[in-house]
Amino acid sequence: VGTGFDENFLRKLYRKLSGMKVKRPVFRDVEIPADREIVWVKPRIVCEVKYLELSERGIMRAPSFRRIRFDKKPSECVLE
């Protein structure tokens, strides 16, 4: 997700995520684009994302950050 937040929020989130880095993705069968540098973190923060649709491969099209969900656990996250 590359939109939906301001610089102040992004700085705070970066500081929080910096302490959650891991070397490998915690999910199986993750496609890693060759043209991007990816930093993986432990899935401990839940956010709500709005998107137009899912591709055939389950990838969100035009995703936009909406909010952090303090009322949800990562284990509760599902696609509706």
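Residues numbered from 1 in each chain as written. Predicted model: local features only at pLDDT ≥ 70, side-chain atom pairs only at ≥ 80, totals over all residues. Heavy atoms only, no water.

**Q** Provide a residue-level description of the overall build of the chain, including the pertinent values.
**A** The helix and strand tally for the chain stands at one helix and six strands. Each helix and strand of the chain, placed in order from N terminus to C terminus, yields the pattern α-β-β-β-β-β-β. Taking all 80 residues of the chain together, 9% fall into the buried category. Here the contacts in the chain between residues at least 6 apart in sequence split such that 36% fall between residues at least 24 apart. Accessible area of the chain: about 7400 Å², with a carbon and sulfur share of 51%. If you average the places of the 19 positive and of the 12 negative side-chain charges in the chain, the two averages end up 8 Å apart. (Helix = DSSP H or I, 4+ residues; strand = E, 2+ residues; numbered from the N terminus. Buried < 20%, exposed > 50% of the residue type's maximum accessible area, 1.4 Å probe, protein only. Contact = heavy atoms within 4.5 Å. Areas by Shrake-Rupley, 256 points an atom, 1.4 Å probe, with all protein chains shown as cover. Lys, Arg positive; Asp, Glu negative; His and termini not counted. Charge placed at Lys NZ, Arg CZ, Asp CG, Glu CD.)

**Q** Talk me through the packing of aromatic side chains; I want residue IDs and the actual numbers.
**A** This structure, assessed with the given rule, holds three aromatic pairs. Relative to phenylalanine 65, the ring of phenylalanine 5 lies with its centre 5.8 Å away and its plane at 65 degrees, an arrangement referred to as edge-to-face. One end of the pair, phenylalanine 5, is in the segment before helix 1 (7-18); the other, phenylalanine 65, is in strand 6 (residues 64-68), and 60 residues separate them in sequence. A relative accessible area of 10% places phenylalanine 65 in the buried class. (Phe/Tyr/Trp six-rings, centres within 6.5 Å; stacked < 30°, edge-to-face > 60°.)

**Q** Explain the environment of isoleucine 59 to me, and be specific about the residues and the numbers.
**A** For isoleucine 59, the position within the fold is in the loop between strand 4 (53-54) and strand 5 (60-61). C-alpha of isoleucine 59 to C-alpha of tryptophan 40: the two residues are 19 residues apart in sequence and 18 Å apart in space. With residues up to four places along the chain from it excluded, the contact list for isoleucine 59 reads Glu53 and Leu54.

**Q** Tell me about the layout of surface pockets, residues and numbers included.
**A** Taken as a whole, the largest pocket spans an internal volume of roughly 2600 Å³. Considering the residues around the largest pocket, the lining is formed by 46 residues, among which Val1, Phe27, Cys47, Val49 and Met60 are closest to the centre. Listing elements by their share of the lining of the largest pocket, those giving two or more residues are helix 1, strand 2 (40-41), strand 3 (47-50) and strand 6. (1 Å grid on protein atoms, 1.4 Å probe; cavity = no way out; pocket = protein on both sides within 12 Å on 5 of 7 lines; lining within 4 Å. Points joined across faces, edges and corners; volume = space filled by probe spheres on them.)

**Q** So what's going on with unusual backbone geometry? Residues and values would help.
**A** A positive phi angle, close to 55 degrees, is found at alanine 62, a residue other than glycine. Looking at the element boundaries, alanine 62 is found in the loop between strand 5 and strand 6.

**Q** Could you give an account of the pattern of salt bridges, with specific residues and numbers?
**A** Within the structure shown, the criterion is met by four salt bridges. Glutamate 53 is the salt-bridge partner of arginine 61, the closest N and O atoms lying 2.9 Å from each other. Its relative accessible area of 41% is what places arginine 61 among the partly exposed residues. A residue is classified by how much of its surface remains accessible, and glutamate 53, at 40% relative accessible area, is partly exposed. Linked by salt bridges that have partners in common, Glu48, Arg67, Arg69 and Asp71 make up one network. (Salt bridge = Lys/Arg side-chain N within 4 Å of Asp/Glu carboxyl O.)

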